[in-house]
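Coordinates in review
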Amino acid sequence: MRKIRIKMTALLFFLFIILPGKVMAAGGGGESIVIVADTRRFTGAMAWWTDMYNDSHLLFAIVTIIIIPVVGVIMGVIADLVMSRVGIDLKHRDLAEH
Amino acid sequence: MDWLYVLMPISGVEIFWPGLIILGLGVGIIGAFFGMGGAWMVTPGLNILGFPMAFAIGTDIAHMAGKSLISTLRHGKFGNVDYKLGVVMIAGTVVGFEIGAQMIMWLERIGRVDITVRYMYLVLLTFIAWLVFSDLRKRLQKEKAARKAGKEVDKLATGIEWHKTFHKIKIPPMMHFKMAGVYCSMWLPIAISFLTGWLAGILGIGGGLLRMPALLYFVGCPTHVAVGTDLFEVAISGLYGTASFTYKGRTELVAALVMLIGASVGAQIGAVATKYVKGYGIRVFFGFAVIVCALSIICKLIAAANPEVRTLFDTLATILILGMVFAMSTYIFVLFLRGVRKELADKKARQGK
């Protein structure tokens, strides 16, 4: 038991203390590639979307990470409503391995 | 038939949108059933549909985050998600993933690492497949021995019980994870999530493929709880990955949203199907998925080593993965239909009495 504890402590020490130091020292980032969206081919919402991509990747990222979970929840709720119409019990299950 | 194609605003390519919905549906079913994001299944599919590689991974992760959220909500209602365990694991997953990703860039500067990474991936997958099937063998042996003795094995008993050794490590603070039925040191899930996150970062995958068996064999979660909790983890780390890739300009949101239409249906089917399958059924399916993944990596390795047969083996790898997505999602759908039919028939019979 004591041996396992010593080994685990040594492993955790390596993972949390030494490894990040080594990785940080290596620096980061590969070659950066600049991609520009062609706004001329779009109108309306799509044009706004491509414009935002070209103007600010930060804003583009913020809007994306808001849209994804919101749409996910909306679609999940809709699919849930459809599934509940089937008539099966959607709140209980038997927890068994075999 | 132009209406079947949609012009992607960022990458500027025309994509066959029903293909995106079908891919989302298939991977949604498998992901919700096994508790993983399934990036290794989606990326070859997106490539076939004509997606440039630069956008395939980011788009895949964005759709994965939304899909896993839907699956988590459904699994949560069944009581399959241990949110406390999931939250404890988030820090380890994110830090481990980031360190792994930075480390691979560092290794790339030192020398050629892609072949080494593929070999490492193959060794890991072989280990996971061995773990799953030797666990099954031990569980069957236990059952046989119990039957001989005129006893019955506990319905939550497993073959491999490494988690019991890990639970003996009593480094404070100790925590009780009610849904998982696990009492252990808080450092155990943190260390495991860090390790699986780190490996996922190095291998360039989401991590569900590693975290799900880790939750089973090292933390000791029941299969259904491991599936649900891992999906919660995938949803959170997927959002983090989406932010990271989108900030680098590598996400095609329109494609991710189209895929989510299919995935939302698939996620419901996959999650509900787990209700009709016992834990070991899920484990065995998972083992087969891991074997197919390993076979596709072998094909990739052969292709990389022999330029004259590169196209053949690259194609074979893609066929293997997409064939598996089709076969497994169809089979899980059949299990879902059978289960629903039986439950409705039982319900009708009870009402008739």
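Residues numbered from 1 in each chain as written. Chains lettered and ligands numbered in written order. Predicted model: local features only at pLDDT ≥ 70, side-chain atom pairs only at ≥ 80, totals over all residues.

1. A closer look at the overall build of chain B
When helices and strands are tallied, chain B shows twelve helices and four strands. Against the 2.2 N^0.38 benchmark of 20 Å for 353 residues, chain B shows a C-alpha radius of gyration of 21 Å, consistent with a compact globule. In terms of principal-axis extent, the alpha carbons of chain B reach across some 65 × 60 × 40 Å. The 353 residues of chain B split such that 53% are buried. Contacts spanning at least 24 positions in sequence make up 77% of the contacts within chain B whose residues lie at least 6 apart. (Helix = DSSP H or I, 4+ residues; strand = E, 2+ residues; numbered from the N terminus. Rg over C-alpha atoms; globule rule 2.2 N^0.38 Å. Buried ≥ 20, exposed ≤ 12 C-beta atoms within 10 Å, placed from the backbone. Contact = placed C-beta atoms within 7 Å.)

2. Considering the environment of Leu136(B)
Residue and element names in this part refer to chain B. Turning to its location among the elements, Leu136 is positioned in helix H5 (residues 114-148). Considered as a pair, Leu136 and Leu199 are 63 residues apart in the sequence and their alpha carbons are 25 Å apart. Contact partners of Leu136, with chain neighbours within four places excluded, come to Gly159, Tyr280, Arg283 and Val284.

3. A few points about the pairing of strand E3 (residues 174-177) of chain B
All names here are of chain B. The sheet contact formed by E3 and strand E4 (residues 182-185) spans four bridges and is antiparallel. In the strand pairing of E4, Met174 is matched with Ser185. Here E3 folds back onto E4, and the loop between the two strands holds four residues, one of which, Gly181, carries a positive phi near 70°. (Pairing = 2+ DSSP bridges.)

4. Some points on the interface of chain A and chain B
Contacts between the two partners involve 49 residues from chain A and, on the opposite side, 54 residues from chain B. Counting only elements with at least two residues in the side of chain A that touches chain B, the list comes to helix H1 (2-26), helix H2 (44-55) and helix H3 (57-84) of chain A. With 17 residues, the single largest contributor to the side of chain A that touches chain B is H3(A).

5. Topic: the nonpolar core
If you look at the biggest cluster of nonpolar residues, it comprises 120 residues, and the most contacted ones within it are Ile30(B), Phe34(B) and Met212(B). Leaving out residues up to four positions away in the same chain, Ile30(B) has contacts with Gly38(B), Met41(B), Gly270(B), Val325(B), Met328(B), Ser329(B) and Ile332(B). (Core = buried A, V, L, I, M, F, W, Y, C linked by C-beta atoms within 7 Å.)

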